[in-house]
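# Residue-level structural notes
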Amino acid sequence: MTPEHILVETRGRVGLITLNRPKALNALNDALVDEIGQALDRFEADDEIGAVVITGSEKAFAAGADIGAMAGFSYMDAYLGDYITRNWERVKTCRKPIIAAVAGFALGGGCEMAMACDIIIAADTARFGQPEVKLGILPGAGGTQRLPRAVGKAKAMDLCLTARMMDAEEAERAGLVSRVVPAERLLDEALAAAETIAGYSLPVIMMIKESINRAYESGLSEGLLFERRQFHSAFALEDQKEGMAAFVEKRPAHFKHR
Ligand code: HXC
């Protein structure tokens, strides 16, 4: 079925998802988040795809959950419906890496969607924030949990309690985004980074993603042990033989399981 709220395409070995509700600044609704999940199912099953990029428009990555849709909710509507979050963790459970390419507003659920991805590359126009407090609610899709892990308690409190926005430069300084690029270069830079990732051994890429995510779910000793076991298991891969042989023979590696 053709998705209604996103565009889905492939660029080389990269799956590209473009949020496409421009009139509402890509406000997130259930259908849109479900469509992202379906696109990720497709990319995950496709051996030709090694990484995914999620992007929005020049003006907004996403300005949050759809306020109009939520305005009349009762507690039971919110609780039973689990608005926009019933499929939310699909971005996290995708085993292939996902880059959020963010230009313009990434607010509320938009900031939370970017944070659920593995890497955020920001245009110099990007603005991040958790302005839910202005609506009489709090962040509900990771803002109070992923943001402090990314930028520390003080800045997370500042952003969530005052609703102020953070520009791309501040977001990079704080560790929320991995790089800031000129807006006109955003998609090219994100696709190039994804293509680089897609050129490496997919099982190794998946182990790296799993191991780094483990750092946020476990104590240090457990995380280090998890990493060590993954490291040992890499020696069972043909791609390890190829990668090291290529280095010794001073030639580029040609990974079989890309
Ligand atoms: C629905 C939205 C929207 C949103 C913008 N629009 N954000 N519609 N939900 N979150 C719509 C506007 O109503 C408007 O539609 C059109 O997009 C353009 O927006 P403007 O406000 O006219 O643009 P501008 O003046 O440039 O201001 C941009 C903005 C502002 C600063 C981003 O739109 C804004 O503050 N948006 C709300 C941001 C927010 O509070 N996000 C958190 C939502 S709660 P019309 O039809 O009038 O042209 C949330 C909870 C997540 O995300 C957790 C869930 C579990």
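Just so we're clear, the structure is a prediction, and the values are computed from it rather than from any experiment. (Residues numbered from 1 in each chain as written. Predicted model: local features only at pLDDT ≥ 70, side-chain atom pairs only at ≥ 80, totals over all residues. Heavy atoms only, no water.)

Another aspect to go through is the site of the ligand. Lining the immediate environment of the ligand, one finds 23 residues, of which Lys-59, Ala-63, Ala-65, Ile-67 and Gly-109 sit closest. Separating an oxygen atom of the ligand from a backbone N or O atom of Lys-23 is a distance of 3.3 Å. Burial of the ligand by the protein amounts to 62% of the accessible area it has alone, namely 1000 Å². Looking at the shell around the ligand residue by residue, the class counts come to 13 nonpolar, five polar and five charged. (Near = heavy atom within 4 Å. Polar contact = N/O pair within 3.5 Å; in protein donor to acceptor, adjacent residues only side chain to side chain. Areas by Shrake-Rupley, 256 points an atom, 1.4 Å probe, with all protein chains shown as cover. Nonpolar A, V, L, I, M, F, W, Y, C, P; charged D, E, K, R; others polar.)

It is worth spelling out the packing of aromatic side chains at this point. Tallied over the entire structure, the rule returns three aromatic pairs. Taking 5.4 Å as the distance between ring centres and 85° as the angle between the ring planes, the aromatic pair formed by Phe-73 and Tyr-83 counts as edge-to-face. Note that Phe-73 is positioned in the loop between helix H2 (67-70) and helix H3 (75-81) and Tyr-83 in the loop between H3 and helix H4 (90-93), a separation of ten residues in sequence. Aromatic pair Phe-231 and Phe-235: ring centres 5.3 Å apart, planes at 75°, arrangement edge-to-face. Its relative accessible area of 37% is what places Phe-235 among the partly exposed residues. Positioned above the aromatic ring of Phe-226 is the side chain of Arg-214, whose terminal nitrogen or guanidinium carbon lies 4.4 Å from the ring centre. (Phe/Tyr/Trp six-rings, centres within 6.5 Å; stacked < 30°, edge-to-face > 60°. Helix = DSSP H or I, 4+ residues; strand = E, 2+ residues; numbered from the N terminus. Buried < 20%, exposed > 50% of the residue type's maximum accessible area, 1.4 Å probe, protein only. Lys NZ or Arg CZ within 6 Å of the ring centre and 35° of its normal.)

Ranked by internal contacts, the top residues of the largest apolar core, which has 47 residues, are Ile-17, Ile-36, Phe-128 and Leu-176. Considering every element that reaches this core, the biggest residue donor is helix H1 (residues 30-45), with six residues. Once residues within four sequence positions are removed from consideration, Ile-17 is found in contact with Ile-6, Leu-7, Ile-36, Ala-39, Leu-40, Phe-43, Val-52, Val-53, Ile-54 and Thr-55. In this structure, Val-14, Ile-121, Leu-186 and Ile-205 belong to the second largest nonpolar core, which totals 17 residues. (Core = buried A, V, L, I, M, F, W, Y, C linked by side-chain atoms within 4.5 Å. Contact = heavy atoms within 4.5 Å.)

Contact geometry for helix H10 (residues 202-214) and helix H11 (residues 220-234): axes closest at 9 Å, N-to-C directions at 170°. In terms of orientation, H10 lies roughly antiparallel with respect to H11. Facing Met-207, Glu-210, Ser-211 and Arg-214 of H10, the residues of H11 in contact are Glu-222, Gly-223, Phe-226, Glu-227, Gln-230, Ser-233 and Ala-234. Within the contact of H10 with H11, the residues separate by chemical class into three nonpolar, four polar and four charged. (Axes fitted to C-alpha atoms, helices over the stretch in contact; angles between N-to-C directions. Parallel < 35°, antiparallel > 145°, perpendicular 65-115°, else oblique.)

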